Every structure is written in C-alpha cells, then in structure tokens.
Amino acid sequence: MNDDWWNPEIPSFVVVGRVNAGKTSTLATLLEVDNDAVLRISATPGETTGVQALPVEYDGEEWVRFLDTPGFQQPVEAMREIEKIAGDRVPGPDDVKEFVETCGAHFPDEVRLLEPVVRGAGILYVVDPTKPLRDSFLAEIEILRWSGRPRLALMNPQEQGGGYETEWRERLGTAFNLTRTFDAHAARYDERRKLMLALLQIEERHAERIERVLQAMDAEWDQRREDAAEALVDFLEKALTLRARDGLDERDLGVPARRERKMEALVEEYFTKLAKLERECLDRWLKTYRHHLLQADIDPVRHRGLDLEQEETWRKFGLNRWQLAAAGAGIGAAAGAAFDLGVGVHSLGAGTVIGALGGGAAAFLKGGALPELKVSGLGKLGFKSGEGRTLVVGPPSSPNFPWVLLDSMLVRYASILERAHGRRDAAKIQVAEGDSRVREFPRERRSLLQKWFTSCLKGKVDRGLEPEVFAAVVEALGE
Ligand SMILES: Nc1nc2c(ncn2[C@@H]2O[C@H](COP(=O)(O)OP(=O)(O)OP(=O)(O)O)[C@@H](O)[C@H]2O)c(=O)[nH]1
Ligand SMILES: [Mg+2]
C-alpha cells in the first residue's frame with residue numbers, strides 16, 4: 001500500500017467525517033490553500049479518494065502534518081463489523097486496528113480514513129451541525145471513540161441558521177476531548193489560530209512542536225502586515241506624485257479643439273496609470289496573503305479604478321469635511337502651498353484665494369467637491385503662442401483625494417483578510433458599503449499622514465516622515 005503520507009517522526013492530525021462534510025475545505029482554510037490542484041474541493045461527494053499529507057513547514061522544516069481523507073461512506077455497517085470483531089467485549093483500539101487490517105475489501109473508504117488513526121494520528125472530526133444527527137453519524141462517533149485517539153470535533157456549518165447545533169454539541173461532548181466551531185467558508189486568522197491552539201489541548205505529547213507552529217504563524221502574520229504596509233506606502237507615494245504630461249506645440253495653442261483632445265487623452269492616461277498602481281498594490285497583497293482566486297476589483301474596461309469621477313466614491317471614502325479641515329489646519333501653510341501649486345481648470349483664480357485662507361479653510365471649502373484634476377501649463381500660466389509648453393494633468397484637486405485613496409485600499413485589505421482559502425468561487429475583492437476606516441483614525445495619525453500626503457502632492461516627498469508614516473500604516477492595517 002502506498003503510505004507516503006505517514007511519517008512517525010512528525011505529529012500528524014487526520015481529518016475525518018462524512019463525505020462532503022467540508023473536510024477538505026477546513027484544511028484549505030486552516031492551511032491557506034486556495035488551489036484546487038493541491039486540495040480539491042467540490043460539491044460532488046467523494047471528491048477526495050486517498051489519504052493526502054499536508055505538511056506545515058516553517059524555515060524548511062516540517063513541524064506538523066495534516067492528513068486529508070475520503071469520507072465515511074458506510075459508517076453503520078463499519079460499526080457493526082467492528083462490534084463483530086470485538087465479540088462480547090466493548091470494542092476498543094485493537095478492534096479498530098483489526099478492522100483496518102482485514103476489512104479493506106468491503107470498506108475501502110472507512111479503512112483508508114481509519115488507517116492514519118490506528119497508526120497514531122490525532123483526529124479532527126468535521127461535522128455539519130445544520131444536518132440532523134442521524135444514526136449514521138452516531139456510528140461514526142462511536143468508531144472514533146473506540147479508536148482511543150485524542151480527538152477534536154469541528155462543527156463546520158454549511159448553511160445559515162441554527163439547525164441541530166445543540167444536539168450535536170451534547171453528543172460530541174460525550175465522545176470527544178474538545179468541540180469547536182470552525183466555519184470553513186468564513187474563518188479568519190483568529191479562528192485558524194484558535195484551531196491550532198485546540199490541537200495543543202488534545203495532543204499534549206506534541207505541545208512543543210505545536211507551540212512552535214503557533215509562534216511561527218504569529219511571526220509570519222506580523223511580517224505579512226509589514227509587507228502589506230510597505231506596498232501601501234509605496235502605492236500612495238507613487239499615486240500622489242503621479243502626473244500625466246504632454247507637450248503643447250504652436251498648433252495646439254492656436255486651436256482650442258486640439259488642446260481639448262490632448263487634455264482628454266492626458267486625463268485618460270492619468271487614470272489608467274493610477275489604476276495600474278492600484279492593481280499592483282492589490283496584487284502584492286493577494287500574493288502576500290496567498291490568494292490566487294481572489295482578484296483585484298479594478299474595472300478593466302474603464303480603467304478608472306476607484307471611479308474617481310463618481311461623486312459616490314467621494315462620499316463613501318475619505319474624511320468628512322470637518323475632519324479634513326482639522327487635519328489640514330495644523331499645517332495650514334503647507335496645505336495652502338499644495339493648493340496653489342496647480343490651478344483647477346474651472347477655478348482659475350479661486351484656487352489662489354482659497355489657498356490664501358490657509359490649508360484648513362481650503363480643505364473645508366473643497367471637501368465635498370468632485371475631483372477636478374489639476375491642470376497647469378508649466379512655466380507661465382496661460383498659453384502664449386510661440387512658446388513651448390507642457391500640459392500637466394493630475395492629481396485631483398480635492399484635498400480629500402489622498403484620503404479616498406487610502407480608505408479604499410484599507411477597505412479592500414480588510415476584505416482580503418476576510419476571504420477564507422477554503423472557498424473556491426473566483427471573486428473580486430469586495431468593497432463594503434459606507435465602510436470608511438480613515439474616519440476612525442486618531443487625530444495625530446491624521447495630521448501626520450496629511451503632512452506626508454501634502455509633501456507627496458507637491459512632488460517633494462518628505463523622506464524624514466517615512467518611518468513614522470510606515471509605522472502608522474502598519475497600525476492602521478492591524479485595526
Ligand atoms: N457554505 C459553506 N459551504 C461549505 C463549507 N465547507 C464546505 N462547504 C461546501 O461543501 C462541499 C464539500 O466540501 P469539501 O470540503 O470538498 O468536503 P469533503 O468533506 O472534503 O468532501 P469529500 O472529499 O467529497 O468527502 C463544497 O461544495 C464546499 O464548498 C462551509 O463552511 N460553508
Ligand atoms: Mg475532501
């Protein structure tokens with residue numbers, strides 16, 4: 001028999017349960033495997049046919065392994081067979097062992113899934129508590145109890161609603177060392193960690209190794225957050241300093257329609273580049289968090305990414321007017337300067353006036369405004385015939401722009417962390433309605449970021465602030 005999956009040196013836990021109970025989904029979520037080539041999950045019962053080893057490795061060393069198995073197919077008959085083997089005695093581990101050694105022809109699935117058990121693996125028994133507790137389940141529970149191995153029951157609800165949870169819990173409580181709920185389609189880091197911790201409670205023999213796995217999980221989780229923060233800071237810097245440029249020649253200056261066309265092309269170019277930056281950041285995050293099915297939610301047709309032209313975007317994300325005014329007020333001069341840097345096409349003149357009021361006031365006045373890309377002819381304002389000029393487009397003149405960018409990314413980050421690897425539907429990153437994170441930021445963090453944003457918008461990124469900004473972003477991602 002092929003038994004590559006067994007290594008007596010490595011603590012092993014075998015996942016058992018009814019066909020289609022969610023065994024493979026549970027492992028996929030626990031071990032962050034969203035790849036069908038590694039773990040096949042489907043609505044077809046009997047998807048998993050052999051025992052499959054899933055190593056938990058850190059620093060090139062395997063600490064613990066999990067074994068995925070085919071499900072129980074004939075638990076009642078198997079239970080009777082084991083009772084028959086036991087004769088007058090109460091069945092025990094030896095009878096289960098004999099069953100495995102002698103009944104492979106009639107009970108291929110039961111024998112396959114019980115083999116790791118009789119070799120010494122700990123048991124993770126997956127049940128769906130939304131299904132009634134039938135005799136066939138009671139038979140599974142009995143067989144596992146007779147095995148005498150350390151065992152943990154996992155209730156993995158596959159449907160909404162209470163179902164038969166109380167009954168299940170009572171019954172499992174009598175036959176298992178521990179019962180836990182683990183929703184394979186929704187479990188997040190905390191729940192995964194708790195499940196690992198539960199293994200520690202049922203298998204004290206392997207305490208040291210399991211503790212090391214937990215430490216490694218935590219260290220890796222922190223490291224990922226730092227990587228994510230780096231990607232985000234990188235994105236913000238690139239996005240806020242982004243400009244689209246084109247030269248204006250004599251004919252452009254003479255023919256307004258030509259100028260318009262150039263301007264439109266530049267606006268398109270600006271948004272396309274912005275969307276590309278967004279996608280790069282999201283793709284980095286997806287890689288960091290080991291997602292392959294989840295996709296960045298950038299609209300490929302319009303290339304407008306965040307839909308910065310939609311008023312809705314500006315209402316949903318970013319700071320409200322008062323917060324924006326307060327964040328700008330502390331650094332009035334700098335914000336004012338940024339405001340003056342480019343002059344909105346429709347607010348020629350007004351920009352200077354508002355700028356003179358100081359950053360706070362400017363932020364307040366422009367807080368609810370739609371994004372209006374700054375447009376300027378480098379050099380003297382206005383277009384004089386005979387002089388070469390460069391038309392520069394970007395960023396949106398609304399002082400809320402950096403906050404909207406940051407907010408929309410934070411919301412997507414949360415959505416990535418929420419996605420369980422056991423799911424097999426290809427999906428876009430969800431953006432929850434009305435979900436703003438930056439509005440909850442403490443005041444100091446807001447003014448720190450505002451200061452840095454302003455420096456980026458001016459094209460003079462304040463490198464001195466970067467360590468603080470990085471720390472603030474790490475903190476924000478952790479919330
Ligand atoms: N909604 C929901 N569906 C789930 C959950 N866990 C599993 N499923 C679905 O149930 C079906 C079976 O899941 P699998 O993980 O393949 O079950 P299994 O126990 O490994 O099945 P076999 O290998 O066939 O014995 C799949 O369609 C899963 O998407 C869950 O927690 N919630
Ligand atoms: Mg399976």
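Whatever comes next refers back to the structure up there.
Notes on the structure in this doc start here.

About the criteria used
Residues numbered from 1 in each chain as written. Chains lettered and ligands numbered in written order. Predicted model: local features only at pLDDT ≥ 70, side-chain atom pairs only at ≥ 80, totals over all residues. Heavy atoms only, no water. Helix = DSSP H or I, 4+ residues; strand = E, 2+ residues; numbered from the N terminus. Buried < 20%, exposed > 50% of the residue type's maximum accessible area, 1.4 Å probe, protein only. Contact = heavy atoms within 4.5 Å. Areas by Shrake-Rupley, 256 points an atom, 1.4 Å probe, with all protein chains shown as cover. Pairing = 2+ DSSP bridges. Axes fitted to C-alpha atoms, helices over the stretch in contact; angles between N-to-C directions. 1 Å grid on protein atoms, 1.4 Å probe; cavity = no way out; pocket = protein on both sides within 12 Å on 5 of 7 lines; lining within 4 Å. Points joined across faces, edges and corners; volume = space filled by probe spheres on them. Nonpolar A, V, L, I, M, F, W, Y, C, P; charged D, E, K, R; others polar. Domains from an automatic or database assignment. Near = heavy atom within 4 Å. Polar contact = N/O pair within 3.5 Å; in protein donor to acceptor, adjacent residues only side chain to side chain. Phe/Tyr/Trp six-rings, centres within 6.5 Å; stacked < 30°, edge-to-face > 60°. Lys NZ or Arg CZ within 6 Å of the ring centre and 35° of its normal.

## Here's the deal with the overall build of the protein
- In terms of helices and strands, the protein carries 18 helices and 12 strands.
- Burial analysis of the protein (479 residues in total) assigns 53% to the buried set.
- Here the analysis covers contacts within the protein between residues at least 6 apart in sequence; of these, 75% occur between residues at least 24 apart.
- Surface summary for the protein: the accessible area is close to 22100 Å², and the carbon and sulfur share equals 48%.

## Focus: the sheet that holds strand 3 (residues 61–68)
- Strand order across the open sheet formed by 6 strands is 2-3-1-4-5-6, with mixed pairing between neighbours. A single partner strand is all that each edge strand has here, and the edge strands are strand 2 (52–58) and strand 6 (178–181). Pairs of neighbouring strands in the sheet enclose a mean axial angle of 25 degrees, with direction left out of account.
- Summarising the sheet, strand 5 (residues 151–155) and strand 6 pair through 4 bridges and their orientation is parallel. If you follow Ala153 over to strand 6, its bridge partner there is Thr179.
- On the sheet, helix 6 (residues 165–175) packs against strand 4 (122–127), strand 5 and strand 6 and is oriented at approximately 175 degrees with respect to strand 5.
- Helix 8 (residues 207–240) contacts strand 1 (12–17), strand 2 and strand 3 of the sheet and is inclined by roughly 100 degrees relative to strand 3.

## Re empty space enclosed by the protein
- For the structure shown, the criterion picks out 3 cavities of 30 Å³ or more.
- A volume near 80 Å³ is recorded for the second largest cavity.
- In this structure, the second largest cavity is lined by 13 residues; those nearest its centre are Arg192, Trp221, Leu417, Arg419 and His421.
- For the lining of the second largest cavity, the secondary-structure elements that each account for two or more residues are helix 7 (189–202) and helix 16 (401–418).
- Split by residue class, the lining of the second largest cavity holds 6 nonpolar, 3 polar and 4 charged.
- The residue makeup of the lining of the second largest cavity includes at least three contributed by each of domain 1 (12–202) and domain 2 (223–478).

## Quick word on the site of ligand 1
- Taken together, 23 residues sit near ligand 1, with Lys23, Thr24, Ser25, Glu47 and Asn156 positioned nearest.
- Separating an oxygen atom of ligand 1 from a side-chain N or O atom of Lys23 is a distance of 2.7 Å.
- Asp183 is positioned with one of its side-chain polar atoms (N or O) 3.2 Å from an oxygen atom of ligand 1.
- The class makeup of the residues in the shell around ligand 1 is 7 nonpolar, 12 polar and 4 charged.

## Thoughts on the packing of aromatic side chains
- According to the stated counting rule, one finds 12 aromatic pairs in the structure shown.
- Aromatic side chains Trp5 and Trp6 sit 6.1 Å apart centroid to centroid with 70 degrees between the ring planes, which places their arrangement in the edge-to-face category. Like Trp6, Trp5 is buried.
- With a centroid separation of 5.0 Å and 70 degrees between ring planes, the pair formed by Phe137 and Trp168 is classed as edge-to-face. Placement of Phe137 in helix 5 (residues 135–147) and of Trp168 in helix 6 is noted, with a sequence separation of 31 residues between them.
- Here a set of aromatic residues connected by ring pairs shows up, and it is made of Tyr189, Trp221, Trp285, Tyr289 and Tyr413.
- When the ring centre of Phe441 is taken as reference, the NZ or CZ atom of Arg445 above it lies at 4.5 Å.

So far we have only geometry, and geometry alone does not tell us how the molecule works.
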